[in-house]
Structures are given as C-alpha cells and as structure tokens.
Amino acid sequence: MPFRPPPREALASVDMAEKASYESECRIVEGVVSPRNQSGWPRSADYDVHCFSLANWRFLDNALVGKEMTLLRPVPKSSGDEPRSENIFERFPAYSVQRFLVLLDRDHTRAILAEVLKSEDADGSLHRFSERLRTPVVVSTKHFGDCVMDPMTGLFETTAKWNRRNVKLSLGPDSDGGIAGAIQTAEALWDRQAAWKRQIDDFAVTKLMPLKNESWLDDGEPDVKAAEFKKRMKLQSVSVAADGEFSFWHADGDLFAGHAILVSGTLKNGPTDADIPG
C-alpha cells in the first residue's frame, strides 16, 4: 500500500517532545540543509521519523532568520523484509537549498514537514549562505594552534600533545558560537597534565577493573592488575566544554573486546563517570 503520512490536522503528534507547542496552520519555508548528521527512529505502527535540520531559513520573500530549525519528517516504516524505496538520508543533501510546507512550533525552532515543494531562490541569498557554510571555520589559539570546526558535529578540532602523546582535542562551542570557554577548560587540563592523567587512570581502574575481572576475562586469563590495566588503555582524544566538562576517550587494548574506555567529569569535581561505550 502507498505510504500515507499523518493528516495535516494531526501533524503535531509526530513530535514527541513534551514541551513542543505547534501553530494551527502550515506555512512555507525555505532554507539550507545543515551538514550535521541526520537521524531516524520508529514513531508508530504506521510510520518512522526522519530528523534533519536547516542551518538557516526564511519565510517566502523574507530575510533569513539567522538560526537553525529542526525538521521532523514522517516516512514509511523500514524493516528487514520490506526496506524503504528511498534512502531517507540522501533525499535532502547537506548544503542543498530546499522549500517545504511545514507546521511550525511556536518559537520557530522545530517543524513537521508536510510537503516538499519546488525550490526557487530568486535572489540567490540561500545559495550564497550555502557557499559560506562550506567555508571552513578556523579559530587560531595560542596554546593549541588552529582549531577547525567539523560541520558534522559543530565541534572545533585540533591535535595536541598530552603527556608526550598526540591526541585529538575537540572543543565545544559556547552559547555565542565561540570557543573561549572550552579553551579555558582545555588549558586548565593541559597545565596539569601529569596530575590529571593520574586521576583519570586511577578512576578508570577503580570503576572498570572490577568489571574486567568479573565479566570480561577470556578463558584461562588471569585477573588484570592495576598497572597492566593502565598500560593497556591508550588515550586517543579529549573533548572539553565551556562549563568545565571533559571526556577522555581511550583505546581499550583489548581489555573490553574493542570497546572504548571513556572517563568524564568536570574541572571542579574531577572524574565522575567511567564507561565502555561502543
């Protein structure tokens, strides 16, 4: 049977966000598809939801609003037996100019896609914005050199030496889009590398070594001791934020069958959590 999306009077039900409040009528918007990752998830027995965003947008014949909008699009369900006829993540490529009929929430940060319309950017402003969006954003720093924004994540990235080992450093933007706060967090960590390394390693041992020895030993493998645990975990990247939060990502050295070892916390409280995601 052909796919039938929810009727327009029920479009607001596509959004499961508790605080979302939607307008009563659909409106036409046009904008530039963000390069950030698109996602999808099951919503009901009748449809799934494709989620993506517009990096900037406008109402017809209006100026660009200067902020991002999240779009939720009902799509046919996918299963192993009956895959979708389209790849939903390829329908609206990053940086492309699109025009949609949407149901907007009241603060114009989210919308439900009702219909795809033919795109026309008569004055070229959206195409010019798309070109600017493709231009690399680089912030030069005193301690960490040039930090380049990854358009897929919005994080600024560089390489830095941590205890004589090159690692990737990712800096989360502040509320104003800059990274001054994240730089301060990184500088505080890097200024006391040896002390922070001891804290991170000791915390990982305390939280994860019992898990290794109780549930992750191969047949005949002896219990892993603290010194070996620390030696096998290898730091690969550090992520920091303006509020003092940090995450240290390690290769596990086959302690956990290839899962990452993640230790996170804050400058104020030190390491507060350890996990083996992935």
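Residues numbered from 1 in each chain as written. Predicted model: local features only at pLDDT ≥ 70, side-chain atom pairs only at ≥ 80, totals over all residues. Heavy atoms only, no water.

J.: Go over the overall build of the protein chain, please, and point to the residues and values.
T.: Across its full length, the protein chain holds four helices and 14 strands. For the protein chain, the residues scored as buried account for 41% of the 278 residues in total. Excluding contacts between residues fewer than 6 apart, the proportion of contacts in the protein chain whose partners are at least 24 apart in sequence is 54%. Roughly 15400 Å² of accessible area belongs to the protein chain as shown, and the carbon and sulfur atoms make up 49% of that amount. Of the side chains in the protein chain, 35 bear a positive and 42 a negative charge, and the two mean positions are spaced by 4 Å. (Helix = DSSP H or I, 4+ residues; strand = E, 2+ residues; numbered from the N terminus. Buried < 20%, exposed > 50% of the residue type's maximum accessible area, 1.4 Å probe, protein only. Contact = heavy atoms within 4.5 Å. Areas by Shrake-Rupley, 256 points an atom, 1.4 Å probe, with all protein chains shown as cover. Lys, Arg positive; Asp, Glu negative; His and termini not counted. Charge placed at Lys NZ, Arg CZ, Asp CG, Glu CD.)

J.: Explain the layout of surface pockets to me, using residue names and the numbers behind them.
T.: Each pocket or cavity is described by its volume, and for the largest pocket that value is around 570 Å³. Residue lining of the largest pocket: 22 residues in total, with Arg36, Ala55, Glu68, Leu133 and Met149 positioned closest to the centre. Listing elements by their share of the lining of the largest pocket, those giving two or more residues are strand E3 (48-59) and helix H1 (125-134). Looking at the lining of the largest pocket, the element that brings in the most residues is H1, giving three residues. (1 Å grid on protein atoms, 1.4 Å probe; cavity = no way out; pocket = protein on both sides within 12 Å on 5 of 7 lines; lining within 4 Å. Points joined across faces, edges and corners; volume = space filled by probe spheres on them.)

J.: Outline the pattern of salt bridges, listing residues and values.
T.: One pass over the structure, following the stated rule, counts 14 salt bridges. Linking Glu23 and Arg27 is a salt bridge whose minimum nitrogen-to-oxygen distance equals 3.5 Å. A relative accessible area of 18% places Glu23 in the buried class. Owing to a relative accessible area of 32%, Arg27 belongs among the partly exposed residues under this scheme. Note that Arg58 and Glu30 form a salt bridge whose closest N and O atoms lie 2.8 Å from each other. (Salt bridge = Lys/Arg side-chain N within 4 Å of Asp/Glu carboxyl O.)

J.: Tell me about the packing of aromatic side chains, and please be specific about residues and values.
T.: Under the criterion given, the structure shown has 11 aromatic pairs. Geometrically, the ring pair formed by Phe92 and Phe100 is edge-to-face, given 5.1 Å between the ring centres and 80 degrees between the ring planes. Neither residue differs from the other here; Phe92 and Phe100 are each classed as buried. Taken together, the ring pairs connect Phe144, Trp162, Trp190, Trp196, Phe246 and Phe248 into an aromatic cluster. Residue placement shows Arg27 over the ring face of Phe59; its charged tip is 4.1 Å from the ring centre. (Phe/Tyr/Trp six-rings, centres within 6.5 Å; stacked < 30°, edge-to-face > 60°. Lys NZ or Arg CZ within 6 Å of the ring centre and 35° of its normal.)

J.: Talk me through the nonpolar core; I want residue IDs and the actual numbers.
T.: The nonpolar side chains of a soluble globular protein tend to be buried with one another. Core analysis: the largest hydrophobic core is formed by 35 residues, its most contacted members being Leu171, Leu189, Trp190, Phe229, Val238 and Val240. Among the secondary structure elements, those contributing two or more residues to this core are strand E9 (156-162), strand E10 (165-171), helix H2 (180-190), helix H3 (193-215), strand E11 (234-240), strand E12 (245-251) and strand E13 (261-266). Beyond its immediate chain neighbours, meaning those up to four positions away, Leu189 contacts Trp162, Trp196, Val238, Val240, Phe246, Phe248 and Leu267. If you look at the next biggest cluster of nonpolar residues, it comprises 14 residues, including Phe59, Leu71, Phe100 and Ala111. (Core = buried A, V, L, I, M, F, W, Y, C linked by side-chain atoms within 4.5 Å.)

J.: Now, about the side chain of Ser125: what can you tell me, with residues and values included?
T.: Turning to its location among the elements, Ser125 is positioned in helix H1. Looking at Ser125, the relative accessible area reads 15%, which means it is buried. Beyond its immediate stretch of four places on either side in the chain, Ser125 contacts Arg58 and Leu64.

J.: Requested: an account of the sheet that holds E10, with residues and values cited.
T.: If you walk across this open sheet you meet the eight strands as E7-E8-E9-E10-E11-E12-E13-E14, and the pairing is mixed. Both edges of this open sheet fall to strand E7 (138-141) and strand E14 (270-275), since each of them pairs with a single strand only. Neighbour to neighbour, the strand axes of the sheet diverge by 25 degrees on average, direction disregarded. Strand direction decides the pairing type here: E7 and strand E8 (residues 145-149), joined by four bridges, are antiparallel. (Pairing = 2+ DSSP bridges. Axes fitted to C-alpha atoms, helices over the stretch in contact; angles between N-to-C directions.)

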